[in-house]
Structures are given as C-alpha cells and as structure tokens.
Amino acid sequence: MENADGIGEFYDHLIPLLDYLLPSYVREGKAHLTVGIGCTGGRHRSVVIAEHLARIYGERGDYLVDVVHRDMDKPPRRP
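Residues numbered from 1 in each chain as written. Predicted model: local features only at pLDDT ≥ 70, side-chain atom pairs only at ≥ 80, totals over all residues. Heavy atoms only, no water.

(A) Layout of helix H1 (residues 7-27). Here H1 spans 30 Å end to end across 21 residues, near enough to the 30 Å set by a 1.5 Å rise per residue. On its buried face, H1 is in contact with helix H2 (45-60). Positioned one or two residues after H1, Gly29 has a phi angle of 80°, which is positive. (Helix = DSSP H or I, 4+ residues; strand = E, 2+ residues; numbered from the N terminus. Expected span 1.5 Å × (residues − 1). Contact = heavy atoms within 4.5 Å.)

This is the structure we're talking about:
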C-alpha cells in the first residue's frame, strides 16, 4: 500500500501543507491539531498514510504525535 499508485504524489502535496500549517498553529498558541485521513473502510490506505505521517513528524521531534485508527474495529462494509 505504501507504494500504491498516486501515494507519493499525495505526500508531495500533503507534507508541505502540514509543514506550512503546523508552525502557524504553534505560533497561535494552539495545543492540538487533529488531522483526519479517510478512505473507504478505514483499514488500509488511511492507516498507512496516518502511520507514515506519524513516523515523519515523530522522528523530527518537533511535535507530539498521537495516532488513532477510528475505524479499525468496525466490521467490514458489505458491497
């Protein structure tokens, strides 16, 4: 899934946006920012993206990162 078609381009847009927004939130004195990543089902693509972002920003050490996979325990959707 990490190499899925288009995921690299998605990161190429999302990460610079977060890099722009996060310092602004800190400057404004905001204590929390919630970033929601969704996909159909909530078990595959959104999980991979959330974990990837957490790894990137967690390794930088500038922010405390907490990941919650809201839909992991929900039953699968039926077609």
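(B) Molecular detail of the layout of surface pockets. The space that makes up the largest pocket amounts to roughly 960 Å³. Along the wall of the largest pocket there are 31 residues; nearest its centre are Leu33, Thr34, Val35, Val65 and Asp66. Elements with a contribution of two residues or more to the lining of the largest pocket: H1 and H2. No other element matches the six residues that H2 contributes to the lining of the largest pocket. The residue inventory of the lining of the largest pocket, partitioned by class, reads 20 nonpolar, seven polar and four charged. (1 Å grid on protein atoms, 1.4 Å probe; cavity = no way out; pocket = protein on both sides within 12 Å on 5 of 7 lines; lining within 4 Å. Points joined across faces, edges and corners; volume = space filled by probe spheres on them. Nonpolar A, V, L, I, M, F, W, Y, C, P; charged D, E, K, R; others polar.)

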